[in-house]
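Structure assessment
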Amino acid sequence: MDRRPIGFFDSGLGGLTCIPHMSELLKTESIIYFGDTARTPYGSKSVKTIKTFADQAAGFLVENHVKMIVIACNTVSATCLSDLSKKYPEIPIVGIIEPACKEAVLSSVQDTRLGIIGTKVTVDSLVYEKTIHESNEDLPVFQKACPAFVPLIEEGIINNDIMDLTIHYYLDDFIMENRIDTLILGCTHYPLIRSRIERAFPDLKIIDPSRVIVKRISEILKEKDLLSKGPASENRFYASDLSTGFTNMIDLIFKGTGASVLFKNLEL
Ligand code: DGL
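Residues numbered from 1 in each chain as written. Predicted model: local features only at pLDDT ≥ 70, side-chain atom pairs only at ≥ 80, totals over all residues. Heavy atoms only, no water.

**Brief notes about the overall build of the protein**
Each helix and strand counted, the protein has 10 helices and 10 strands in total. Radius of gyration (C-alpha) of the protein: 18 Å, near the 18 Å computed for a compact globule of 268 residues. Its C-alpha atoms give the protein principal-axis dimensions of about 50 × 40 × 40 Å. Per-residue burial over the protein gives 54% buried out of 268 residues. Summed over all atoms, the accessible surface of the protein reaches about 12200 Å², with 51% contributed by carbon and sulfur. The centroid of the 29 positive side-chain charges in the protein is displaced by 4 Å from the centroid of its 35 negative side-chain charges. (Helix = DSSP H or I, 4+ residues; strand = E, 2+ residues; numbered from the N terminus. Rg over C-alpha atoms; globule rule 2.2 N^0.38 Å. Buried < 20%, exposed > 50% of the residue type's maximum accessible area, 1.4 Å probe, protein only. Areas by Shrake-Rupley, 256 points an atom, 1.4 Å probe, with all protein chains shown as cover. Lys, Arg positive; Asp, Glu negative; His and termini not counted. Charge placed at Lys NZ, Arg CZ, Asp CG, Glu CD.)

Here it is, written out as structure tokens:
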């Protein structure tokens, strides 16, 4: 029985897309979330800068006595997971890429042609490709960086023609030319445009790592005997810039759940 909170962080509001999938766990567990909204997006910055930002975010969660850190960001998972795990060996740190790759391999069939979309840093890291090919080297994997998606999503430009044009701009040739049938949303912001992607490409099978990671979180809590028996206490959401996009998203996610939510601005 461990009533300490689970810590999440992302460059902004993207990591919040994991939270609705936590509904079962949130009956007994509480969370602290940090979104670095003042410095988002991370995905086109240098790895050195991302490491500095990730180190500050993880340090903040550790100061707040979390029992586990969830890197709810593909960009940070691709570049900082091993450094953070070395720095905090006593705290389980879960990255989002490995569980997603496992799911992709397990659900693949003979003819699967897998596409991965993400930030420039995630795609350049080749972590998705390498991790998938460690389990199945014959699975065809194609990657595409879509750097304009995150700034548009953070601005709330989601359900409209601008987003649809951007989706077609990035994905039309990528999906057609590579004959992709399964697409991993390799950035935690992208579930927010999942329905637009599905509308543009109705035959695509979508893998959403924000959903898959929750299973891994539960497994680790059980394995390490870190589960809380509840009751859950207040969930705390911190942002380096408390933007309306961020607070609206939290309102949307927690509406009607009865979960108690506290917002805080955090200067790093
Ligand atoms: N949500 C992020 C990810 O999963 C971050 C994107 C960004 O800040 O560019 O990669």
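Now that the structure is up, let's keep going.
**Some words on the pattern of salt bridges**
The final tally for this structure, using the stated rule, is 12 salt bridges. Across the pair glutamate 198 and arginine 194 runs a salt bridge, and its minimum N-O distance is 3.0 Å. In this pair, glutamate 198 and arginine 194 are both assigned in helix H8 (residues 194–200), 4 residues apart and thus about one turn of the helix distant. Relative accessible area serves as the criterion here: at 23%, arginine 194 is assigned to the partly exposed category. Salt bridges here are not isolated pairs; linked through shared partners, they connect Asp164, Arg196 and Arg199. (Salt bridge = Lys/Arg side-chain N within 4 Å of Asp/Glu carboxyl O.)

**Focus: the side chain of serine 30**
Along the chain, serine 30 falls in the loop between strand S1 (6–10) and strand S2 (31–35). Residues in contact with serine 30, not counting those within four places in the same chain, are Arg3, Pro5, Ile6, Ala232, Ser233, Glu234 and Asn235. (Contact = heavy atoms within 4.5 Å.)

**A closer look at helix H7 (residues 161–178)**
For H7, built from 18 residues, the straight-helix expectation of 26 Å at 1.5 Å per residue is met to within 8% by its first-to-last C-alpha distance of 25 Å. Where H7 is concerned, the buried positions are Met163, Asp164, Thr166, Ile167, Tyr170, Leu171, Phe174 and Ile175. At its buried positions, H7 is contacted by strand S5 (114–118), strand S6 (141–145), helix H6 (149–154), strand S7 (182–186) and H8. Backbone geometry just downstream of H7 places arginine 179 in the positive-phi region, at approximately 50 degrees. (Expected span 1.5 Å × (residues − 1).)

**Digging into the site of the ligand**
By nearness alone, 14 residues border the ligand, and Ser11, Tyr42, Asn74, Thr75 and Thr188 come closest of all. One of the backbone nitrogen or oxygen atoms of tyrosine 42 is found 2.7 Å away from an oxygen atom of the ligand. Taking asparagine 74, its main chain carries an N or O atom lying 2.7 Å from an oxygen atom of the ligand. Most atoms of the ligand, that is more than half of them, are within 2 Å of grid points of the largest cavity. (Near = heavy atom within 4 Å. Polar contact = N/O pair within 3.5 Å; in protein donor to acceptor, adjacent residues only side chain to side chain. 1 Å grid on protein atoms, 1.4 Å probe; cavity = no way out; pocket = protein on both sides within 12 Å on 5 of 7 lines; lining within 4 Å. Sits in = over half its atoms within 2 Å of the grid points.)

**Overview of the packing of aromatic side chains**
According to the stated counting rule, one finds 8 aromatic pairs in the structure shown. Taken together, Phe149, Tyr169, Tyr170 and Tyr190 form an aromatic cluster joined through their ring pairs. The ring of phenylalanine 53 has arginine 39 lying over it, and the distance from NZ or CZ to the ring centre is 3.7 Å. (Phe/Tyr/Trp six-rings, centres within 6.5 Å; stacked < 30°, edge-to-face > 60°. Lys NZ or Arg CZ within 6 Å of the ring centre and 35° of its normal.)

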